[in-house]
Amino acid sequence: LSYVLDSGLHGHGMDELSKLHLDHAPIPFKEVAGTGKNQVTFDQVPLAIDEFPALFVAAANAEGTTRLRGAEELRVKESDRIQAMADGLTILGVETTVYEDGIDVVGRAGDGASYGDGQVDSLGDHRIAMAFTVAALRASEPVVIDDCANVATSFPGFVALANKVGLELTEAST
């Protein structure tokens, strides 16, 4: 099962979705003095271990480089989430550098699309699939996300909800 996502907004989806209210627990990123880099500190990593795929997408849309270290646990989740996100973001044209315990993501803030289109593999990891669904909102063209069947197990109403809030998400047999 693959998802084909065409936001129809091509680079403007975040603005359209800004009307949604999302409950959250903020994770304070800290700028490393004088470097223009945002860093998640070691004490913050356990607080968001399952949220990092979505945070990597946010980093790809932020200004500057976001750095994560001390997150080795991401390599032994449902997939190697560090490598899976790096591979997918690279396909979309985002610069990443992978480390044993983390990743650097170079963001491209601004109006319009932050990156291109492409076909990414979620490796059967529901969080990777859902993160790239969100990433597609800032892509210049549609994004295809492969191996998404398990999203229906962890979030049965995901496709319906995505379409309800304005995404054009379709399921395709592979």
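Throughout this description, residue numbers start from 1 for each chain and increase along the sequence as written. Under the rules for a predicted model, residues below a pLDDT of 70 receive no local features and side-chain atom pairs below 80 are neither given nor counted, while totals for whole chains, interfaces and linings still include all residues. As a convention, hydrogens and water are excluded, and side-chain values are obtained from all of the structure's heavy atoms.

Some words on the overall build of the protein
The way it works is that DSSP assigns letters per residue, a run of H or I at least four long becomes a helix, a run of E at least two long becomes a strand, and they are numbered from the N terminus. Within the protein, the regular secondary structure consists of six helices and nine strands. Taking all 174 residues of the protein together, the buried fraction comes to 43%. For the protein, contacts bridging at least 24 residues in sequence account for 72% of all contacts bridging at least 6. Exposure was quantified through the Shrake-Rupley algorithm and a 1.4 Å probe, taking into account, for residues, occlusion by the shown protein chains and nothing else. Carbon and sulfur atoms make up 54% of the accessible area of the protein, which amounts to about 8600 Å² in all. Only protein chains enter the accessibility calculation, which uses a 1.4 Å probe; a residue whose area is less than 20% of its type maximum is buried, one above 50% is exposed, and one in between is partly exposed. Throughout, a contact is declared for two residues whenever any of their heavy atoms are within 4.5 Å.

Some remarks on the pairing of strand β5 (residues 95–99)
We call two strands paired when DSSP finds no fewer than two bridges between them. Inspection of the sheet shows β5 paired to strand β6 (residues 102–108) by five bridges, in the antiparallel sense. Paired with T96 across the strands is V105, a residue of β6. Counting the residues that bridge the hairpin from β5 to β6 gives two residues.

Let's talk about the confidence of the model for the protein
Any residue range with low pLDDT should be treated as having predicted coordinates unsuitable for detailed reading. Per-residue confidence for the protein averages 79 on the pLDDT scale, and 75% of its residues sit at or above 70. Below a pLDDT of 50 lies the segment residues 7–29, which in the model reaches 35 contacts outside its immediate sequence neighbourhood of four places, other chains included. Every residue gets a pLDDT, meaning the predictor's confidence in that residue, from 0 to 100.

A word on a nonpolar patch on the surface
On the surface, a nonpolar cluster with roughly 210 Å² of combined accessible area is contributed by F155, L161 and V165. Within the fold, L161 resides in helix α6 (residues 158–164). Think of a patch as exposed residues, more than 30% relative accessible area, with no salt bridge, where like charges cluster within 9 Å and nonpolar side chains (Val, Leu, Ile, Met, Phe, Trp, Tyr) cluster within 5 Å. Between Lys or Arg on one side and Asp or Glu on the other, a salt bridge is scored when a side-chain nitrogen of the former is within 4 Å of a carboxyl oxygen of the latter.

Details of the packing of helix α2 (residues 52–60) against helix α3 (residues 81–91)
Axis separation between α2 and α3 bottoms out at 10 Å; the angle between their running directions is 35°. The two elements α2 and α3 meet at a crossing, and its hand is right-handed. Where α2 abuts α3, its residues P53, F56, V57 and A60 lie against R81, M85 and L89. Residues belonging to the contact of α2 with α3 are distributed by class as follows: six nonpolar, no polar and one charged. Axis definition: a line fitted to C-alpha atoms, over the contacting stretch in the case of helices. Angles run 0 to 180 degrees between N-to-C directions. Put simply, a crossing is left-handed when the front helix is turned counterclockwise from the back one by less than a right angle, and right-handed when it is turned clockwise. For this classification, Asp, Glu, Lys and Arg are treated as charged, while Ala, Val, Leu, Ile, Met, Phe, Trp, Tyr, Cys and Pro are nonpolar and the rest, including Gly, are polar.

Regarding the environment of G70
By the element assignment, G70 lies in the loop between β4 (63–68) and α3. Measuring from C-alpha to C-alpha, the distance between G70 and Q44 comes to 9.5 Å, with 26 residues separating the pair along the chain.

A few points about α3
When α3 is considered as a whole, its buried residues turn out to be R81, I82, A84, M85, A86, G88 and L89. Against α2, β5, β6, β7 (118–121) and α4 (126–135) lie the buried residues of α3. Of the residues trailing α3, G93 is marked for its positive phi of about 100°.

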